[in-house]
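The primary structure of each chain is shown beneath.
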Amino acid sequence: MVETVRYTYRLRPGRQAQAALLAEWSRCRWLWNEAVHQQKSGRKPTFGKLSKLLTEARARFAWLRNGSQNVQQQTLRTYGSALNASFTVMDRGRPKVKLKRNALPTLEYTTNGFALVGGRLRLAKGVTIPVVWSRELPSDPTSVRVYQDNLGHWYASFVVQREAVATPGPDLPGIGVDWGVTTTATTTNPSFDLPHLGHRRRCAAELAKAQRTMARRRRPKGHSPSNGYLAAKRQAARIVKKAARQNTHDARVWAKTVVDHHHLIAVEDFKPKFLGKSSMARKAADAAIGACKRELIDRGTRAGRKVVLVPPAYTTMTCSGCGERTNLRLGLGVRTFECTACGYTAGRDLNAARTILATAERDRAGADDVRHRIASFRDGGSDAA
């Protein structure tokens, strides 16, 4: 079985190559903004109409002809995909204008617009960039995305095909995952728990120092920023990205371990957005629950595991031993769950994880509300997960 994935590598463009990439990005950004203008004016352009407008614009403007038609066509395709996904995919609105001060460069090339020659990436219009090959490509890439991050580093993301991991047998156990702040992920098997590692907290003092330097060197509004301010800004961004990368690395290692040893993964469908407005906002951001959840779901799906998203309603209030639900909500200060019906006692998060797993194992078609699932769990028996 073959799966399509992305392999990302660091690029080391020289001064001329970087200038060529930025010039290409300015042309693509102009095309994107023109497509947004066409949509806002009520003309509702299709990809065919936009391609025709691109042909006319390239014939009229020499600066546009100096760029690659391949990457310009891909910009319009990306805009069309974003427009089709607007208001049909959650949290997706209409494509907006990309401002130079906010939007980071992103260029898409198909097989006609790039080639790998001598270990270097050769793009259309003769732009050649060295690639830091951290691993081998499993197959010939079909497209590449060249982009720049907020630190000014350039990367190439190749779309390749590779052999998918074989689906595990049903003899492997299942696991339930409950998200939290003190412990980022509590599972039914404590050996697979993901503790709160606090990478951002360890960088807080260094980040605060860089931000104070930015505040001292900030010039009045309307004046161009000084080199000292830009240096402090880059240092602050470097610290933030370092903590984010550490969280991503830990999430990937943990998710791979969980996926390799379980055939059923029951994940609490927790939305951590509301924590950003609570007193736990800083600690919740440090835990990076969203990144861990996304990595676990993606890896489990690619590996052929059965991944079940269980709504979090009543999972903390339901006993994983007998299925009985308490009448009152448990406050955050109550860390031990005690069932008054059967006397079962366990940690609050551990009980929730076991309830999530039991709910997923009794998955019923059409039971979207977890209250219905827990009711079936309560009527179906008293075996603990």
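Because the structure is a prediction, the values reported are computed rather than measured.

Parameters at a glance
Residues numbered from 1 in each chain as written. Predicted model: local features only at pLDDT ≥ 70, side-chain atom pairs only at ≥ 80, totals over all residues. Heavy atoms only, no water. Helix = DSSP H or I, 4+ residues; strand = E, 2+ residues; numbered from the N terminus. Buried < 20%, exposed > 50% of the residue type's maximum accessible area, 1.4 Å probe, protein only. Contact = heavy atoms within 4.5 Å. Pairing = 2+ DSSP bridges. Phe/Tyr/Trp six-rings, centres within 6.5 Å; stacked < 30°, edge-to-face > 60°. Lys NZ or Arg CZ within 6 Å of the ring centre and 35° of its normal. Salt bridge = Lys/Arg side-chain N within 4 Å of Asp/Glu carboxyl O. 1 Å grid on protein atoms, 1.4 Å probe; cavity = no way out; pocket = protein on both sides within 12 Å on 5 of 7 lines; lining within 4 Å. Points joined across faces, edges and corners; volume = space filled by probe spheres on them. Nonpolar A, V, L, I, M, F, W, Y, C, P; charged D, E, K, R; others polar. Axes fitted to C-alpha atoms, helices over the stretch in contact; angles between N-to-C directions.

Draft legend 1. Expanded view of the overall build of the chain. Scanning the chain for helices and strands turns up 11 helices and 14 strands. Along the longest, intermediate and shortest principal axes, the C-alpha atoms of the chain span 80 × 55 × 50 Å. Looking at the 385 residues of the chain, the share that counts as buried comes to 41%. Pairs at least 24 residues apart make up 68% of the contacts formed inside the chain by residues separated by at least 6 positions.

Draft legend 2. Just the pairing of strand E5 (residues 127-132), in detail. A one-sided burial pattern is seen for E5, the buried positions being Val127, Ile129 and Val131 and the unburied ones Thr128, Pro130 and Val132. For strand E1 (residues 2-11) and E5, the ladder comprises 2 bridges, and the chain directions are antiparallel. Note on E5: the bridge partner recorded for Arg10 is Val132. As defined by bridge partners, strand E4 (residues 120-123) adjoins E5 across 4 bridges and the pair is classed as antiparallel. Counted as the bridge partner of Leu123 is Val127 from E5.

Draft legend 3. Expanded view of the packing of aromatic side chains. Overall, the coordinates contain 10 aromatic pairs when judged by the stated rule. Aromatic rings pair up to connect Tyr9, Phe114, Trp133 and Phe158 into one cluster. The residue whose ring lies beneath Arg135 is Tyr7, and the NZ or CZ to ring-centre distance is 3.7 Å. A cation over a ring is seen here: Arg325 above Tyr314, with NZ or CZ 4.3 Å from the ring centre.

Draft legend 4. Seen up close, the pattern of salt bridges. In total, this model carries 9 salt bridges according to the counting rule given. Notably, a salt bridge pairs Arg27 with Glu24, separated by 3.6 Å at the nearest N-O pair. A residue pair is termed a helical-turn pair when its members lie 3 or 4 positions apart in one helix, as Arg27 and Glu24 do in helix H1 (residues 15-40) at 3 residues. For Arg27, a relative accessible area of 13% corresponds to the buried category. Across the salt bridge formed by Arg145 and Glu108, the nearest N and O atoms sit 2.6 Å from each other. Taken together, the residues span a long stretch of sequence, with Arg145 in strand E6 (residues 143-148) and Glu108 in strand E2 (residues 106-110) at a distance of 37 residues. Classification of Glu108 as buried rests on a relative accessible area of 15%. Each of Asp149, Lys241 and Arg245 takes part in a single network of salt bridges with overlapping partners.

Draft legend 5. Just empty space enclosed by the protein, in detail. Applying the stated rule across the entire model yields 1 cavity of 30 Å³ or more. Of the pockets and cavities examined, the largest cavity occupies roughly 80 Å³. Thr184, Leu194, Pro195, His196, Leu197, Gly198, His199, Asn247, Asp250, Asp286, Ala287 and Cys292 are the residues that line the largest cavity. Secondary structure elements with two or more residues in the lining of the largest cavity: strand E10 (194-195), helix H7 (227-260) and helix H8 (281-287). Tallied by class, residues from the lining of the largest cavity come to 5 nonpolar, 5 polar and 2 charged.

Draft legend 6. Representation of the sheet that holds strand E11 (residues 264-268) within the structure. Taken in spatial order, the 5 strands make up an open sheet running E10-E9-E8-E11-E12, and their pairing is mixed. Every other strand in the sheet has two partners, leaving E10 and strand E12 (306-310) as the edge strands with one partner each. Alignment of E11 against E12, held across 5 bridges, turns out to be parallel. Counted as the bridge partner of Ala266 is Val308 from E12. On the sheet, helix H9 (residues 289-302) packs against strand E8 (174-179), strand E9 (183-187), E10, E11 and E12 and is oriented at approximately 160° with respect to E8. Against the sheet, helix H10 (residues 348-361) contacts E8, E9, E11 and E12, and its axis sits at roughly 130° relative to E8.

Draft legend 7. Geometry of the sheet that holds E2. Taken in spatial order, the 7 strands line up as E2-E6-E7-E1-E5-E4-E3 in an open sheet, and their pairing is antiparallel. Each edge of the open sheet carries a strand with a single partner, namely E2 and strand E3 (114-117). Strand-to-strand twist of the sheet, defined as the mean angle between neighbouring strand axes without regard to direction, takes the value 35°.

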